[in-house]
Amino acid sequence: MGLSEHAFQKCLSSKCGSQFDLSRALVDCPHCGSLVDIQYDWDRLPVPNALADFSQFWTQRNNPTRRSGVWRFHELIPFASQDLLVTVGEGQTLLQKADEVAKYVDLDPGCLFLQYEGMNPSGSFKDNGMCAAFTHARAIGAERAACASTGNTSASLSMYCSVTRLMKAVIFIGSGKISYGKLSQALDYGALTIQILGDFDDAMDRVKQVSQKLGIYLVNSVNAFRLEGQKSIIFRILESMDWQVPDWIVVPGGNLGNSSAFGKALIELKQLGLIDHLPRLAVINSSGAKTLFELYHEKGLRWNKGLPDKEIELQYFNKMESDQSKASTLASAIEINRPVNLHKCLRALDACDGVVRQVSDQQALDAKAKIAAGGMGCEPASATSVAGAKILREDGIIGKSDRVVCVLTGHQLKDPNITVAYHSTDRQEFERVLGGYGVKKASFPNHAIGVPNDLDAIIKAIKLYS
Ligand code: F0G
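Described below are features of the structure shown in this document. (Residues numbered from 1 in each chain as written. Predicted model: local features only at pLDDT ≥ 70, side-chain atom pairs only at ≥ 80, totals over all residues. Heavy atoms only, no water.)

Side note on the sheet that holds strand β2 (residues 19–20)
Sheet strands pair by backbone hydrogen bonding; their relative direction is either parallel or antiparallel. Strand order in the open sheet formed by three strands is β2-β1-β3, and the pairing between neighbours is antiparallel. The open sheet has two free edges, formed respectively by β2 and β3 (36–40), since each of these has just one partner strand. In this sheet, β3 lies alongside strand β1 (residues 7–11) in antiparallel orientation, the contact comprising five bridges. Each residue of the ladder has a partner; that of Ala-7, found in β3, is Tyr-40. Taken strand by strand, helix α7 (residues 224–240) contacts β1 and β3, and its axis lies near 55 degrees from that of β3. (Pairing = 2+ DSSP bridges. Helix = DSSP H or I, 4+ residues; strand = E, 2+ residues; numbered from the N terminus. Contact = heavy atoms within 4.5 Å. Axes fitted to C-alpha atoms, helices over the stretch in contact; angles between N-to-C directions.)

Quick look at the structure:
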(Lines give C-alpha, C1' and ligand atoms only; values in the text may rest on other atoms or scores of the structure.)
Protein backbone atom coordinates (compact mmCIF):
# COMPACT_ATOMS: atom_id res chain seq x y z
CA MET A 1 0.00 0.00 0.00
CA GLY A 2 1.28 3.48 -0.84
CA LEU A 3 3.91 4.49 -3.36
CA SER A 4 5.59 1.54 -5.03
CA GLU A 5 8.96 0.39 -3.77
CA HIS A 6 9.65 -0.90 -7.27
CA ALA A 7 9.53 2.56 -8.83
CA PHE A 8 11.94 5.47 -8.49
CA GLN A 9 12.75 8.86 -10.00
CA LYS A 10 15.80 9.08 -12.24
CA CYS A 11 17.66 11.99 -13.75
CA LEU A 12 17.36 11.97 -17.53
CA SER A 13 20.97 12.91 -18.19
CA SER A 14 23.08 9.85 -18.96
CA LYS A 15 26.05 11.67 -17.42
CA CYS A 16 24.30 12.19 -14.06
CA GLY A 17 21.57 9.56 -13.82
CA SER A 18 20.94 10.20 -10.10
CA GLN A 19 18.08 8.29 -8.52
CA PHE A 20 15.55 9.47 -5.96
CA ASP A 21 12.66 7.79 -4.21
CA LEU A 22 9.08 8.64 -5.05
CA SER A 23 8.34 10.57 -1.87
CA ARG A 24 9.95 13.73 -3.26
CA ALA A 25 8.13 16.24 -5.45
CA LEU A 26 10.87 16.96 -7.99
CA VAL A 27 10.63 19.17 -11.03
CA ASP A 28 14.26 18.69 -11.96
CA CYS A 29 17.33 16.80 -10.81
CA PRO A 30 18.72 18.46 -7.65
CA HIS A 31 22.24 17.54 -8.79
CA CYS A 32 22.38 18.67 -12.40
CA GLY A 33 19.07 20.41 -13.22
CA SER A 34 17.97 17.91 -15.91
CA LEU A 35 14.44 16.57 -16.12
CA VAL A 36 13.55 13.50 -14.08
CA ASP A 37 11.71 10.38 -15.18
CA ILE A 38 9.75 7.74 -13.33
CA GLN A 39 11.41 4.37 -13.83
CA TYR A 40 10.27 0.91 -12.78
CA ASP A 41 11.89 -2.29 -11.71
CA TRP A 42 9.62 -4.20 -14.09
CA ASP A 43 10.94 -7.64 -13.08
CA ARG A 44 9.36 -7.18 -9.67
CA LEU A 45 6.02 -5.87 -10.90
CA PRO A 46 3.05 -7.86 -12.23
CA VAL A 47 2.96 -7.00 -15.94
CA PRO A 48 0.44 -8.81 -18.19
CA ASN A 49 1.86 -11.17 -20.81
CA ALA A 50 0.05 -9.46 -23.66
CA LEU A 51 -1.61 -6.11 -24.22
CA ALA A 52 -4.85 -7.93 -25.05
CA ASP A 53 -4.98 -9.01 -21.39
CA PHE A 54 -6.11 -5.47 -20.60
CA SER A 55 -9.35 -6.10 -22.47
CA GLN A 56 -10.68 -8.03 -19.45
CA PHE A 57 -10.82 -4.79 -17.45
CA TRP A 58 -13.68 -3.54 -19.61
CA THR A 59 -15.86 -5.96 -17.68
CA GLN A 60 -15.03 -4.17 -14.43
CA ARG A 61 -16.61 -0.86 -15.28
CA ASN A 62 -18.37 -0.60 -11.93
CA ASN A 63 -14.90 -0.14 -10.43
CA PRO A 64 -14.06 3.59 -10.94
CA THR A 65 -10.35 2.96 -11.38
CA ARG A 66 -10.90 0.33 -14.07
CA ARG A 67 -13.49 2.57 -15.67
CA SER A 68 -10.82 5.26 -15.95
CA GLY A 69 -9.13 5.16 -19.34
CA VAL A 70 -5.88 5.84 -17.48
CA TRP A 71 -6.03 3.42 -14.55
CA ARG A 72 -7.42 0.63 -16.71
CA PHE A 73 -3.71 0.40 -17.54
CA HIS A 74 -2.50 0.67 -13.95
CA GLU A 75 -0.05 -2.21 -14.45
CA LEU A 76 1.82 -0.03 -16.98
CA ILE A 77 1.72 3.04 -14.68
CA PRO A 78 2.42 1.24 -11.41
CA PHE A 79 3.87 3.92 -9.15
CA ALA A 80 1.09 3.84 -6.55
CA SER A 81 -1.21 1.25 -5.02
CA GLN A 82 -4.81 0.87 -6.15
CA ASP A 83 -6.25 2.54 -3.04
CA LEU A 84 -4.37 5.80 -3.76
CA LEU A 85 -5.46 6.25 -7.37
CA VAL A 86 -7.37 9.46 -8.08
CA THR A 87 -9.93 9.41 -10.85
CA VAL A 88 -12.77 11.61 -12.05
CA GLY A 89 -13.60 9.41 -15.02
CA GLU A 90 -10.85 10.63 -17.35
CA GLY A 91 -9.74 8.91 -20.53
CA GLN A 92 -13.12 7.77 -21.90
CA THR A 93 -11.94 8.84 -25.31
CA LEU A 94 -12.46 7.70 -28.84
CA LEU A 95 -10.30 6.70 -31.78
CA GLN A 96 -12.43 7.77 -34.71
CA LYS A 97 -11.87 6.65 -38.30
CA ALA A 98 -12.28 9.80 -40.38
CA ASP A 99 -12.43 9.12 -44.11
CA GLU A 100 -13.51 12.64 -45.03
CA VAL A 101 -10.46 14.04 -43.27
CA ALA A 102 -8.35 11.29 -44.87
CA LYS A 103 -9.30 12.70 -48.28
CA TYR A 104 -8.06 16.11 -47.20
CA VAL A 105 -4.77 14.66 -45.99
CA ASP A 106 -4.60 12.50 -49.16
CA LEU A 107 -4.67 9.15 -47.37
CA ASP A 108 -6.52 6.05 -48.52
CA PRO A 109 -9.94 5.44 -46.95
CA GLY A 110 -9.61 3.68 -43.60
CA CYS A 111 -6.11 5.02 -43.00
CA LEU A 112 -6.68 8.16 -40.92
CA PHE A 113 -7.75 7.98 -37.29
CA LEU A 114 -8.43 10.87 -34.93
CA GLN A 115 -7.72 10.23 -31.25
CA TYR A 116 -10.24 12.58 -29.69
CA GLU A 117 -8.96 13.69 -26.29
CA GLY A 118 -11.50 16.52 -26.13
CA MET A 119 -13.84 13.94 -24.60
CA ASN A 120 -12.06 14.17 -21.26
CA PRO A 121 -14.00 15.68 -18.34
CA SER A 122 -12.27 19.07 -18.58
CA GLY A 123 -12.24 18.92 -22.38
CA SER A 124 -8.57 18.22 -23.06
CA PHE A 125 -5.91 15.51 -22.83
CA LYS A 126 -4.57 17.12 -19.65
CA ASP A 127 -6.85 15.02 -17.44
CA ASN A 128 -4.86 11.90 -18.39
CA GLY A 129 -1.87 13.34 -16.58
CA MET A 130 -3.65 15.28 -13.87
CA CYS A 131 -5.14 12.16 -12.27
CA ALA A 132 -1.63 10.71 -12.01
CA ALA A 133 -0.16 13.92 -10.54
CA PHE A 134 -3.03 14.04 -8.03
CA THR A 135 -2.35 10.43 -7.08
CA HIS A 136 1.25 11.29 -6.28
CA ALA A 137 0.29 14.56 -4.54
CA ARG A 138 -2.20 12.69 -2.37
CA ALA A 139 0.43 10.08 -1.48
CA ILE A 140 2.87 12.73 -0.25
CA GLY A 141 0.20 14.86 1.46
CA ALA A 142 0.39 18.01 -0.71
CA GLU A 143 -2.24 20.62 0.10
CA ARG A 144 -1.88 23.15 -2.70
CA ALA A 145 -1.11 22.67 -6.37
CA ALA A 146 0.01 25.22 -8.95
CA CYS A 147 0.59 25.47 -12.67
CA ALA A 148 1.38 27.99 -15.37
CA SER A 149 -0.94 27.49 -18.26
CA THR A 150 -2.07 28.48 -21.71
CA GLY A 151 -5.47 27.37 -20.37
CA ASN A 152 -6.01 23.63 -20.48
CA THR A 153 -3.68 22.61 -17.67
CA SER A 154 -5.28 25.22 -15.45
CA ALA A 155 -8.79 24.03 -16.38
CA SER A 156 -7.83 20.46 -15.57
CA LEU A 157 -6.06 21.29 -12.30
CA SER A 158 -8.97 23.46 -11.16
CA MET A 159 -11.46 20.73 -11.98
CA TYR A 160 -9.54 18.02 -10.10
CA CYS A 161 -9.28 20.34 -7.08
CA SER A 162 -12.95 21.10 -7.11
CA VAL A 163 -14.14 17.50 -7.61
CA THR A 164 -11.72 15.74 -5.29
CA ARG A 165 -11.24 18.47 -2.63
CA LEU A 166 -7.72 17.06 -2.21
CA MET A 167 -5.85 20.31 -2.88
CA LYS A 168 -6.39 24.00 -3.55
CA ALA A 169 -5.51 25.32 -7.02
CA VAL A 170 -3.25 28.29 -7.78
CA ILE A 171 -2.96 29.02 -11.48
CA PHE A 172 -0.64 31.39 -13.33
CA ILE A 173 -1.67 32.76 -16.68
CA GLY A 174 -0.02 35.30 -18.97
CA SER A 175 -1.67 38.57 -19.89
CA GLY A 176 -1.95 37.44 -23.53
CA LYS A 177 -4.64 35.37 -25.11
CA ILE A 178 -5.91 32.58 -22.92
CA SER A 179 -9.16 31.52 -24.56
CA TYR A 180 -12.33 32.34 -22.67
CA GLY A 181 -13.52 28.73 -22.70
CA LYS A 182 -10.47 27.72 -20.67
CA LEU A 183 -10.34 30.77 -18.41
CA SER A 184 -14.02 30.38 -17.60
CA GLN A 185 -13.39 26.83 -16.39
CA ALA A 186 -10.66 27.86 -13.96
CA LEU A 187 -12.72 30.75 -12.61
CA ASP A 188 -15.86 28.68 -12.25
CA TYR A 189 -14.03 25.84 -10.48
CA GLY A 190 -12.77 28.39 -7.97
CA ALA A 191 -9.01 28.42 -8.64
CA LEU A 192 -6.90 31.24 -7.26
CA THR A 193 -6.04 32.85 -10.59
CA ILE A 194 -2.87 34.93 -10.87
CA GLN A 195 -2.56 36.83 -14.12
CA ILE A 196 0.93 38.20 -14.70
CA LEU A 197 2.16 40.72 -17.21
CA GLY A 198 3.99 38.44 -19.60
CA ASP A 199 3.48 35.33 -21.69
CA PHE A 200 3.34 31.61 -20.90
CA ASP A 201 7.13 31.30 -20.73
CA ASP A 202 7.26 34.09 -18.12
CA ALA A 203 4.42 32.50 -16.14
CA MET A 204 6.24 29.15 -16.24
CA ASP A 205 9.41 30.70 -14.78
CA ARG A 206 7.43 32.38 -12.01
CA VAL A 207 5.37 29.38 -11.02
CA LYS A 208 8.53 27.31 -10.63
CA GLN A 209 10.00 29.93 -8.29
CA VAL A 210 6.80 30.40 -6.32
CA SER A 211 6.06 26.72 -5.90
CA GLN A 212 9.58 26.12 -4.63
CA LYS A 213 9.44 29.02 -2.17
CA LEU A 214 5.97 28.18 -0.83
CA GLY A 215 6.20 24.39 -1.08
CA ILE A 216 3.30 24.18 -3.53
CA TYR A 217 2.97 21.01 -5.63
CA LEU A 218 3.70 21.82 -9.29
CA VAL A 219 1.54 20.08 -11.89
CA ASN A 220 3.02 21.38 -15.14
CA SER A 221 4.42 18.64 -17.33
CA VAL A 222 7.85 18.98 -15.70
CA ASN A 223 6.06 16.81 -13.16
CA ALA A 224 7.10 13.32 -14.26
CA PHE A 225 4.01 11.69 -12.71
CA ARG A 226 1.80 13.67 -15.06
CA LEU A 227 3.60 12.21 -18.04
CA GLU A 228 3.06 8.71 -16.62
CA GLY A 229 -0.69 9.30 -16.90
CA GLN A 230 -0.36 10.68 -20.42
CA LYS A 231 1.21 7.39 -21.53
CA SER A 232 -2.33 6.02 -21.43
CA ILE A 233 -3.22 7.90 -24.64
CA ILE A 234 -0.89 5.49 -26.44
CA PHE A 235 -2.38 2.48 -24.63
CA ARG A 236 -5.89 3.51 -25.67
CA ILE A 237 -4.83 4.11 -29.28
CA LEU A 238 -3.40 0.58 -29.40
CA GLU A 239 -6.47 -0.80 -27.64
CA SER A 240 -8.75 0.80 -30.24
CA MET A 241 -6.58 -0.60 -33.04
CA ASP A 242 -6.93 -4.08 -31.61
CA TRP A 243 -3.38 -3.82 -30.25
CA GLN A 244 -1.87 -3.29 -33.71
CA VAL A 245 0.81 -0.60 -33.95
CA PRO A 246 -0.08 2.17 -36.46
CA ASP A 247 2.53 3.50 -38.88
CA TRP A 248 2.41 7.06 -37.58
CA ILE A 249 1.35 9.00 -34.53
CA VAL A 250 1.08 12.74 -35.13
CA VAL A 251 0.80 15.12 -32.21
CA PRO A 252 0.90 18.90 -31.66
CA GLY A 253 4.03 20.14 -29.89
CA GLY A 254 3.84 22.87 -27.25
CA ASN A 255 5.55 22.15 -23.96
CA LEU A 256 6.29 18.70 -25.46
CA GLY A 257 4.77 16.67 -22.64
CA ASN A 258 2.60 14.48 -24.86
CA SER A 259 5.31 13.60 -27.34
CA SER A 260 7.62 12.81 -24.41
CA ALA A 261 5.02 10.61 -22.71
CA PHE A 262 4.20 8.84 -25.98
CA GLY A 263 7.85 8.03 -26.57
CA LYS A 264 8.30 6.70 -23.04
CA ALA A 265 5.16 4.56 -23.30
CA LEU A 266 6.30 3.05 -26.58
CA ILE A 267 9.87 2.43 -25.41
CA GLU A 268 8.54 0.65 -22.31
CA LEU A 269 6.04 -1.45 -24.27
CA LYS A 270 8.83 -2.62 -26.55
CA GLN A 271 11.13 -3.33 -23.58
CA LEU A 272 8.38 -5.38 -21.98
CA GLY A 273 7.87 -7.35 -25.20
CA LEU A 274 4.27 -6.10 -25.49
CA ILE A 275 4.85 -4.61 -28.96
CA ASP A 276 7.44 -5.73 -31.49
CA HIS A 277 8.13 -2.39 -33.18
CA LEU A 278 7.51 1.31 -32.65
CA PRO A 279 5.39 3.60 -34.82
CA ARG A 280 6.98 6.73 -36.27
CA LEU A 281 6.28 9.93 -34.38
CA ALA A 282 5.62 13.34 -35.92
CA VAL A 283 5.60 16.39 -33.66
CA ILE A 284 4.00 19.50 -35.13
CA ASN A 285 4.87 23.02 -34.04
CA SER A 286 3.00 26.15 -34.96
CA SER A 287 5.18 28.38 -37.15
CA GLY A 288 4.53 31.10 -34.55
CA ALA A 289 6.14 28.94 -31.83
CA LYS A 290 8.68 26.76 -33.59
CA THR A 291 11.50 26.17 -31.13
CA LEU A 292 11.51 22.40 -31.55
CA PHE A 293 11.30 22.66 -35.33
CA GLU A 294 14.27 25.00 -35.47
CA LEU A 295 16.38 23.14 -32.95
CA TYR A 296 15.69 19.69 -34.39
CA HIS A 297 15.21 20.32 -38.06
CA GLU A 298 17.51 23.27 -38.65
CA LYS A 299 20.12 23.17 -35.89
CA GLY A 300 20.45 19.40 -35.71
CA LEU A 301 19.85 19.04 -31.97
CA ARG A 302 19.49 15.34 -31.12
CA TRP A 303 19.01 13.08 -28.08
CA ASN A 304 22.58 11.86 -28.47
CA LYS A 305 22.20 8.97 -26.00
CA GLY A 306 21.04 11.25 -23.19
CA LEU A 307 23.51 14.08 -23.78
CA PRO A 308 21.93 16.66 -26.15
CA ASP A 309 24.39 19.34 -27.26
CA LYS A 310 23.96 22.10 -24.65
CA GLU A 311 25.90 24.59 -26.80
CA ILE A 312 23.31 24.44 -29.62
CA GLU A 313 20.53 25.11 -27.12
CA LEU A 314 22.37 27.86 -25.33
CA GLN A 315 23.11 29.75 -28.52
CA TYR A 316 19.52 29.35 -29.69
CA PHE A 317 17.93 30.58 -26.47
CA ASN A 318 20.47 33.41 -26.08
CA LYS A 319 19.57 34.63 -29.54
CA MET A 320 15.89 34.36 -28.72
CA GLU A 321 16.52 36.51 -25.68
CA SER A 322 18.62 39.12 -27.46
CA ASP A 323 16.05 39.36 -30.27
CA GLN A 324 13.31 39.58 -27.59
CA SER A 325 11.45 37.09 -29.72
CA LYS A 326 8.03 36.04 -28.40
CA ALA A 327 5.86 33.17 -29.55
CA SER A 328 2.74 34.29 -31.42
CA THR A 329 0.03 32.05 -32.83
CA LEU A 330 -3.74 31.65 -32.90
CA ALA A 331 -3.10 28.13 -31.62
CA SER A 332 -2.76 29.73 -28.20
CA ALA A 333 -2.47 26.38 -26.39
CA ILE A 334 0.96 25.88 -27.97
CA GLU A 335 2.16 29.48 -27.93
CA ILE A 336 5.34 28.46 -26.13
CA ASN A 337 8.94 29.42 -26.89
CA ARG A 338 10.76 27.43 -24.23
CA PRO A 339 9.31 23.91 -24.15
CA VAL A 340 10.15 22.41 -20.77
CA ASN A 341 10.18 18.80 -21.97
CA LEU A 342 12.55 19.38 -24.87
CA HIS A 343 15.00 16.63 -23.88
CA LYS A 344 12.36 13.99 -23.26
CA CYS A 345 10.85 14.83 -26.63
CA LEU A 346 14.27 14.37 -28.26
CA ARG A 347 14.41 10.92 -26.67
CA ALA A 348 10.99 10.11 -28.14
CA LEU A 349 12.00 11.34 -31.59
CA ASP A 350 15.15 9.24 -31.40
CA ALA A 351 13.27 6.07 -30.42
CA CYS A 352 10.46 6.54 -32.93
CA ASP A 353 12.44 7.65 -36.00
CA GLY A 354 10.63 10.95 -35.54
CA VAL A 355 10.09 14.02 -37.64
CA VAL A 356 9.23 17.60 -36.69
CA ARG A 357 7.27 20.04 -38.83
CA GLN A 358 5.75 23.50 -38.47
CA VAL A 359 2.40 24.66 -39.80
CA SER A 360 1.02 28.17 -40.25
CA ASP A 361 -2.16 29.38 -38.58
CA GLN A 362 -3.79 29.38 -42.02
CA GLN A 363 -2.97 25.67 -42.43
CA ALA A 364 -4.11 24.88 -38.89
CA LEU A 365 -7.44 26.68 -39.20
CA ASP A 366 -8.21 25.15 -42.59
CA ALA A 367 -7.42 21.71 -41.17
CA LYS A 368 -9.59 22.51 -38.15
CA ALA A 369 -12.56 23.28 -40.40
CA LYS A 370 -12.04 20.02 -42.28
CA ILE A 371 -11.73 18.04 -39.04
CA ALA A 372 -15.01 19.40 -37.72
CA ALA A 373 -16.81 18.92 -41.04
CA GLY A 374 -15.62 15.30 -41.22
CA GLY A 375 -15.14 14.22 -37.62
CA MET A 376 -15.08 15.52 -34.08
CA GLY A 377 -14.31 19.24 -33.80
CA CYS A 378 -11.25 20.47 -31.97
CA GLU A 379 -9.47 23.62 -30.85
CA PRO A 380 -6.88 25.32 -33.11
CA ALA A 381 -3.73 23.81 -31.53
CA SER A 382 -5.14 20.29 -31.95
CA ALA A 383 -5.65 20.79 -35.67
CA THR A 384 -1.90 21.20 -36.19
CA SER A 385 -1.69 17.39 -36.06
CA VAL A 386 -3.87 16.99 -39.16
CA ALA A 387 -2.27 20.00 -40.89
CA GLY A 388 1.12 18.44 -40.15
CA ALA A 389 0.06 15.02 -41.48
CA LYS A 390 -1.06 16.74 -44.68
CA ILE A 391 2.31 18.36 -45.32
CA LEU A 392 4.15 15.14 -44.45
CA ARG A 393 1.92 13.38 -46.97
CA GLU A 394 2.62 16.09 -49.59
CA ASP A 395 6.34 15.59 -49.03
CA GLY A 396 5.93 11.83 -49.46
CA ILE A 397 7.19 11.13 -45.93
CA ILE A 398 3.84 9.63 -44.97
CA GLY A 399 2.70 7.06 -47.54
CA LYS A 400 -0.84 7.09 -48.97
CA SER A 401 -1.73 3.76 -47.37
CA ASP A 402 0.07 4.34 -44.06
CA ARG A 403 -2.14 4.02 -41.00
CA VAL A 404 -1.95 7.42 -39.34
CA VAL A 405 -3.28 8.50 -35.94
CA CYS A 406 -3.61 12.25 -35.38
CA VAL A 407 -4.18 13.25 -31.77
CA LEU A 408 -6.85 15.91 -31.22
CA THR A 409 -5.79 17.32 -27.90
CA GLY A 410 -8.61 19.69 -26.99
CA HIS A 411 -12.34 20.20 -27.44
CA GLN A 412 -13.89 22.37 -30.15
CA LEU A 413 -15.69 24.57 -27.59
CA LYS A 414 -12.49 25.66 -25.84
CA ASP A 415 -11.98 28.50 -28.28
CA PRO A 416 -15.21 29.37 -30.13
CA ASN A 417 -14.24 32.95 -31.05
CA ILE A 418 -11.71 31.77 -33.60
CA THR A 419 -14.16 29.29 -35.12
CA VAL A 420 -16.94 31.87 -35.43
CA ALA A 421 -14.58 34.44 -36.97
CA TYR A 422 -13.33 31.84 -39.47
CA HIS A 423 -16.86 31.11 -40.68
CA SER A 424 -18.04 34.72 -40.48
CA THR A 425 -19.30 36.70 -43.48
CA ASP A 426 -18.23 39.88 -41.71
CA ARG A 427 -14.79 40.67 -43.10
CA GLN A 428 -14.09 43.13 -40.28
CA GLU A 429 -14.72 40.46 -37.68
CA PHE A 430 -12.54 38.01 -39.64
CA GLU A 431 -9.71 40.56 -39.77
CA ARG A 432 -10.11 41.59 -36.15
CA VAL A 433 -9.71 38.06 -34.80
CA LEU A 434 -7.55 36.33 -37.42
CA GLY A 435 -5.94 39.09 -39.48
CA GLY A 436 -2.82 39.60 -37.40
CA TYR A 437 -1.74 35.97 -37.82
CA GLY A 438 -1.36 35.68 -41.56
CA VAL A 439 -4.76 34.04 -42.05
CA LYS A 440 -5.90 35.47 -45.39
CA LYS A 441 -9.12 33.60 -45.99
CA ALA A 442 -11.30 30.78 -44.75
CA SER A 443 -10.69 28.06 -47.34
CA PHE A 444 -13.63 26.01 -46.05
CA PRO A 445 -16.16 28.50 -44.66
CA ASN A 446 -19.67 27.62 -43.58
CA HIS A 447 -21.42 30.98 -43.62
CA ALA A 448 -24.63 31.55 -41.71
CA ILE A 449 -27.32 32.75 -44.12
CA GLY A 450 -29.26 35.89 -43.26
CA VAL A 451 -32.95 35.53 -44.10
CA PRO A 452 -35.92 37.85 -43.34
CA ASN A 453 -38.27 36.63 -40.62
CA ASP A 454 -40.72 35.36 -43.21
CA LEU A 455 -41.82 31.74 -43.79
CA ASP A 456 -41.65 31.84 -47.59
CA ALA A 457 -38.24 33.45 -47.56
CA ILE A 458 -36.95 30.86 -45.08
CA ILE A 459 -38.27 27.95 -47.15
CA LYS A 460 -36.81 29.48 -50.31
CA ALA A 461 -33.42 29.86 -48.65
CA ILE A 462 -33.39 26.25 -47.40
CA LYS A 463 -34.27 24.98 -50.89
CA LEU A 464 -31.66 27.19 -52.50
CA TYR A 465 -28.79 26.30 -50.20
CA SER A 466 -29.37 22.66 -49.35
N1 F0G B 1 -2.89 20.91 -27.43
C2 F0G B 1 -3.57 21.52 -26.46
C3 F0G B 1 -5.04 21.67 -26.63
C4 F0G B 1 -2.90 22.01 -25.32
O5 F0G B 1 -3.60 22.62 -24.37
C6 F0G B 1 -1.51 21.87 -25.23
C7 F0G B 1 -0.76 22.38 -24.09
C8 F0G B 1 -0.86 21.22 -26.28
C9 F0G B 1 -1.57 20.73 -27.36
C10 F0G B 1 0.61 21.00 -26.25
O11 F0G B 1 0.89 19.85 -25.54
O12 F0G B 1 2.70 20.61 -24.06
O13 F0G B 1 2.22 18.22 -24.40
O14 F0G B 1 3.24 19.58 -26.20
N15 F0G B 1 -1.24 23.15 -23.22
C16 F0G B 1 -0.54 23.54 -22.00
C17 F0G B 1 -1.47 24.27 -21.07
C18 F0G B 1 0.75 24.21 -22.23
O19 F0G B 1 -1.01 25.06 -20.26
O20 F0G B 1 -2.65 24.00 -21.09
P21 F0G B 1 2.36 19.53 -25.02
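Moving on from the model shown.
Observations regarding the side chain of Ser-124
Within the element layout of this structure, Ser-124 appears in the loop between β5 (112–116) and α3 (126–140). For Ser-124, a relative accessible area of 0% puts it in the buried group. Non-local contacts of Ser-124, meaning those with residues more than four positions away in its chain, are made with Glu-117, Gly-118, Asn-152, Thr-409, Gly-410 and Lys-414. (Buried < 20%, exposed > 50% of the residue type's maximum accessible area, 1.4 Å probe, protein only.)

A short note on unusual backbone geometry
The phi dihedral of Trp-243 falls on the positive side, at around 70 degrees, and the residue is not glycine. Among the structural elements, Trp-243 can be located in the loop between α7 and β10 (248–252). In this structure, Gln-324 is a non-glycine residue whose phi angle is positive, near 50 degrees. Take Gln-324: it is sitting in the loop between α10 (310–322) and α11 (342–351). Judged by its relative accessible area of 66%, Gln-324 is exposed.

Side note on the layout of surface pockets
What the largest pocket holds in volume is close to 770 Å³. Forming the walls of the largest pocket are 27 residues, and the residues nearest its centre are Gly-33, Glu-313, Pro-339, Val-340 and His-343. Looking at the lining of the largest pocket residue by residue, the classes come out as 14 nonpolar, five polar and eight charged. (1 Å grid on protein atoms, 1.4 Å probe; cavity = no way out; pocket = protein on both sides within 12 Å on 5 of 7 lines; lining within 4 Å. Points joined across faces, edges and corners; volume = space filled by probe spheres on them. Nonpolar A, V, L, I, M, F, W, Y, C, P; charged D, E, K, R; others polar.)

Things to note about the packing of aromatic side chains
One pass over the full model with this rule turns up nine aromatic pairs. Taken together, a centroid distance of 5.4 Å and an interplanar angle of 45 degrees make the contact between Phe-134 and Tyr-160 tilted. Of this pair, Phe-134 sits in helix α3 while Tyr-160 sits in helix α4 (residues 152–164), and the two are 26 residues apart along the sequence. The burial state of Phe-134 is the same as that of Tyr-160; both residues are buried. (Phe/Tyr/Trp six-rings, centres within 6.5 Å; stacked < 30°, edge-to-face > 60°.)

A look at the environment of Lys-290
Of note, Lys-290 is situated in the loop between β11 (280–286) and α9 (291–298). Using a relative accessible area of 28% as the deciding quantity, one classes Lys-290 as partly exposed. Counting along the chain gives 47 residues from Lys-290 to Asn-337, while the straight-line C-alpha distance between them is 7.2 Å. Discounting chain neighbours no more than four positions away, the residues touching Lys-290 are Asn-285, Tyr-316 and Gln-358.

So, the packing of α9 against α10
Each pair of packed helices can be described by the angle between their axes along with the distance between the axes. For the pair α9 and α10, interaxial distance at closest approach is 11 Å and the crossing angle is 140 degrees. Comparing the axis directions of α9 and α10 gives the class oblique. As for how α9 packs across α10, the hand of that crossing is right-handed. Along the contact surface, α9 presents Thr-291, Glu-294 and Leu-295, while α10 presents Ile-312, Glu-313, Tyr-316, Phe-317 and Met-320. Split into classes, the residues belonging to the contact of α9 with α10 amount to five nonpolar, one polar and two charged. (Parallel < 35°, antiparallel > 145°, perpendicular 65-115°, else oblique. Left-handed = near helix turned anticlockwise from the far one by under 90°.)

Without other data, these values stay purely geometric and don't point to any function.
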